[in-house]
Amino acid sequence: MAGSTKCQRAMNVALAVAVFCTCANSILLTPTVPPRGFNSFDSYPGQNETQVLELADILKEQLLPSGYEYIVIDGGWASGHEMLPNGTVISKKFFDEFGRPIPCPDRFPHGMKWLAAQVRQRGLKLGLWTIRGVNIEAVASKAKVKGTPFTVDELIDIEPVGGGPNGSCLWAKSTLGVNASHPGAQPYYNSRVELLSSWDVDFIKADCMMCAPCYTTEMLMFSHAVARDPRPMVLSYSPGGGNDPAHGQWVASNQLATMYRITTDFHGGWYNWGGLQQSIFTAGNFSALGLGDNTNGNGTFPDLDMLPLSADWWTGSQEQADRGQTIATLWMVSRSPLMHAGKVPLDATTLQYETNPEAWRRAT
């Protein structure tokens with residue numbers, strides 16, 4: 001009976017938030033073409049603002065003409081180091097007074113709004129990674145939820161949603177889940193998105209979200225926060241666990257995200273046929289439901305993950321080159337979003353695949 005009650009409670013919360021979402025004047029970006037861009041995760045972790053602009057200069061010349069308009073800084077931009085009075089250097093994550101991640105001041109001394117303006121001058125748009133939940137450091141500080149009488153520690157879920165204690169992310173246990181039934185929960189996510197929007201961010205990669213059906217209520221709250229913000233932004237959901245076509249169909253039908261991952265992180269499977277075969281089967285399952293073909297103008301796209309292709313793919317064995325060709329072809333014909341994650345400048349072979357005019361014609 002207790003389990004049934006918990007299940008019914010979760011369904012009620014999900015329904016209430018869903019109604020709240022549908023009432024919003026949504027301006028979540030739902031384009032007719034799968035988003036294209038660059039993501040730093042695989043090849044450029046821990047970059048600073050100077051390095052980001054160096055990447056942007058190259059992307060402007062090589063990929064922007066083929067529609068790759070976003071440059072997304074993945075996880076770690078709020079992390080850095082701090083020296084204690086005794087001279088000890090410690091790792092540190094940076095937060096504002098409301099428990100929201102802010103850029104490491106040593107690596108981004110001019111701030112993200114300045115960086116977004118610099119990126120835009122190059123014809124590109126800035127994207128940032130973020131993650132579901134509340135970081136344990138913000139919880140410990142009892143930071144206020146902006147615009148409410150609540151503190152972030154009051155929002156933490158007491159249930160092991162998704163299998164992690166307190167709804168924590170299974171692969172990032174320092175982030176704890178948010179209880180959607182708490183009156184401060186939606187304002188918390190609203191303020192998270194408002195901060196990103198105030199920096200003129202055009203693309204949000206929200207991680208540890210897609211997990212059928214683990215984090216449904218938090219996805220609804222985050223989607224609503226993006227939809228209610230006056231700035232149109234691409235919303236990309238990354239995985240918190242395994243996904244299935246029914247969950248993807250739910251996201252697409254309700255236009256909860258511009259793009260949503262349908263595989264777990266593929267970078268672990270790039271160098272064997274098993275990971276690639278899994279992605280082929282997954283793409284087929286989603287394709288069978290008509291997801292991604294955009295024939296109904298829905299403007300949401302199943303995402304097969306980033307493309308960390310570089311010169312070393314083509315200079316090794318023939319078998320590896322064959323896999324690289326298969327990967328590039330699958331991503332093109334599936335109309336998946338294309339986020340280059342390999343080295344830049346791109347080598348001639350990778351550039352040829354990722355800017356293939358026939359693939360672009362199919363995408364449009």
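Structure first, text after, so check above.
Every residue gets a number counted from 1 within its own chain, in the order that chain's sequence is written. Side-chain atom pairs in this predicted model are given and counted only at pLDDT of 80 or more, local residue features only at pLDDT of at least 70, and totals for whole chains, interfaces and linings cover all residues. Side-chain metrics in this entry use all non-hydrogen atoms of the structure; hydrogen atoms and water are not considered.

A. The overall build of the protein chain, seen in detail. Going along the chain from the N terminus, every DSSP run of H or I of four or more residues is numbered as a helix, and every run of E of two or more is numbered as a strand. Each helix and strand in the protein chain was counted, giving 11 helices and 12 strands. Each residue gets one of three labels from its accessible area relative to the maximum for its type: buried under 20%, exposed over 50%, partly exposed in between, using a 1.4 Å probe on protein chains only. The proportion of buried residues among the 364 residues of the protein chain is 53%. In this description, contact between two residues means that some pair of their heavy atoms is separated by no more than 4.5 Å. Long-range contacts, defined here as pairs at least 24 residues apart, represent 76% of the contacts in the protein chain between residues at least 6 apart. Accessible surface, the protein chain as shown: approximately 15400 Å² in total, 57% of it carbon and sulfur. A 1.4 Å probe and the Shrake-Rupley method give the accessible areas. Residues count as covered only by the protein chains that appear here.

B. Expanded view of helix α5 (residues 185-198). The terminal C-alpha atoms of α5 lie 20 Å apart, and with 14 residues this matches the ideal 20 Å at 1.5 Å per residue to within 8%. Those residues of α5 lying buried are Ala-185, Gln-186, Tyr-188, Tyr-189, Asn-190, Ser-191, Arg-192, Val-193, Leu-195, Leu-196 and Ser-197. Downstream of α5 by one or two residues, Asp-200 has phi in the positive range, about 65°. In a helix, the anticipated span is given by 1.5 Å times the number of residues less one.

C. Focus on the environment of Gln-278. Structurally, Gln-278 can be placed in helix α8 (residues 273-287). Note on Gln-278: relative accessible area 48%, which makes it partly exposed. Sequence separation of Gln-278 and Phe-266 is 12 residues, and the distance between their C-alpha atoms is 9.5 Å.

D. The sheet that holds strand β11 (residues 301-303), seen in detail. Two strands qualify as a pair provided DSSP detects at least 2 bridges between them. Strands sit in the order β11-β10-β9-β8-β5-β2-β1-β12 across an open sheet of 8 strands; the sheet is parallel. For this open sheet the edge positions go to β11 and β12 (338-340), each flanked by a neighbour on one side alone. Strand-to-strand, the axes of this sheet are offset by a mean angle of 25°, without reference to chain direction. Inspection of the sheet shows strand β2 (residues 70-73) paired to strand β5 (residues 125-131) by 4 bridges, in the parallel sense. Looking at the pairing, Ile-71 lines up with Leu-126 of β5. Relative to β2, helix α2 (residues 49-62) is tilted by about 155°, and along the sheet it contacts β1 (36-39) and β2. Axis definition: a line fit to C-alpha positions, over the contact stretch in the case of helices; interaxial angles, taken between N-to-C directions, run 0 to 180 degrees.

E. Representation of the pairing of strand β3 (residues 79-83). Of the strand pairs in this sheet, β3 and strand β4 (residues 89-93) are connected by 5 bridges, and their pairing is antiparallel. Each bridged residue has a counterpart across the sheet, and for His-81 the counterpart in β4 is Ser-91. Here β3 folds back onto β4, and the loop between the two strands holds 5 residues, one of which, Gly-87, carries a positive phi near 90°.

F. Local environment of the packing of helix α6 (residues 216-228) against helix α7 (residues 245-253). Two elements in contact, α6 and α7, have axes whose closest approach is 12 Å; the angle formed by their N-to-C orientations is 25°. With respect to α7, the element α6 is oriented roughly parallel. You can see that α6 and α7 cross each other, and the crossing is right-handed. Two secondary-structure elements touch here, α6 through Thr-216, Met-219 and Leu-220 and α7 through His-247, Trp-250 and Val-251. Its residues assigned to classes, the contact of α6 with α7 shows 4 nonpolar, 2 polar and no charged. Just so you know how the angles are binned, under 35 degrees is roughly parallel, over 145 roughly antiparallel, 65 to 115 roughly perpendicular, and the rest oblique. Should the near helix be turned counterclockwise from the far one by less than a right angle, the crossing is left-handed, whereas a clockwise turn marks it as right-handed. Residue polarity is assigned by list, with Asp, Glu, Lys and Arg as charged and Ala, Val, Leu, Ile, Met, Phe, Trp, Tyr, Cys and Pro as nonpolar; anything else, Gly included, falls into the polar class.

G. Summary view of the pairing of β1. Of the two faces of β1, the one carrying Arg-36 and Phe-38 and the one carrying Gly-37 and Asn-39 are both buried. Relative to β12, β1 is paired through 3 bridges, and the arrangement is parallel. Its bridge partner being in β12, Gly-37 is matched across the sheet by Met-339. Relative to β2, β1 runs parallel, the two sharing 3 bridges. Bridge pairing in β2 links Phe-38 to Ile-71.

H. View of the side chain of His-182. Structurally, His-182 is set in the loop between β7 (175-176) and α5. By relative accessible area, which is 16% here, His-182 ends up buried. Apart from the residues lying within four places of it in its own chain, the contact partners of His-182 are Phe-150, Glu-154 and Leu-155.

I. How the structure looks around the state of the cysteines. Disulfide: a pair of cysteine sulfur atoms within 2.5 Å of each other. Overall, the coordinates contain 2 disulfides when judged by the stated rule. Paired through a disulfide, Cys-169 and Cys-208 show a sulfur-sulfur distance of 2.3 Å. Given an S-S torsion of about 110°, the disulfide between Cys-169 and Cys-208 has right-handed geometry. Taken together, the positions of Cys-169 in the loop between α4 (136-141) and β7 and Cys-208 in strand β8 (residues 203-210) put the pair 39 residues apart, joining distant regions of the chain. In this model Cys-211 forms its disulfide with Cys-214; the gap between the sulfur atoms is 2.1 Å. Look at Cys-214 and you get partly exposed, because its relative accessible area is 23%.

J. Fine view of the packing of aromatic side chains. Think of it this way: a Phe, Tyr or Trp ring, Trp meaning its six-membered ring, pairs with another when their centres are within 6.5 Å, and the plane angle makes it stacked under 30 degrees, edge-to-face over 60, tilted otherwise. Under the criterion given, the structure shown has 7 aromatic pairs. Relative to Phe-203, the ring of Tyr-70 lies with its centre 5.3 Å away and its plane at 55°, an arrangement referred to as tilted. Of this pair, Tyr-70 sits in strand β2 while Phe-203 sits in strand β8, and the two are 133 residues apart along the sequence. Aromatic side chains Tyr-189 and Phe-222 sit 5.7 Å apart centroid to centroid with 75° between the ring planes, which places their arrangement in the edge-to-face category. On the criterion of sequence distance, the pair formed by Tyr-189 in helix α5 and Phe-222 in helix α6 is long-range, its members being 33 residues apart. Here Phe-222 falls in the buried class, since its relative accessible area comes to 1%. Lysine and arginine charges are scored as sitting over a ring when NZ or CZ, respectively, is within 6 Å of the ring centre and within 35 degrees of the ring normal. Across the ring face of Phe-41, the terminal group of Lys-205 is positioned such that the distance to the ring centre comes to 5.8 Å. Here the guanidinium or amino end of Lys-343 rests over the ring plane of Tyr-44, the centre of that ring lying 5.1 Å away.

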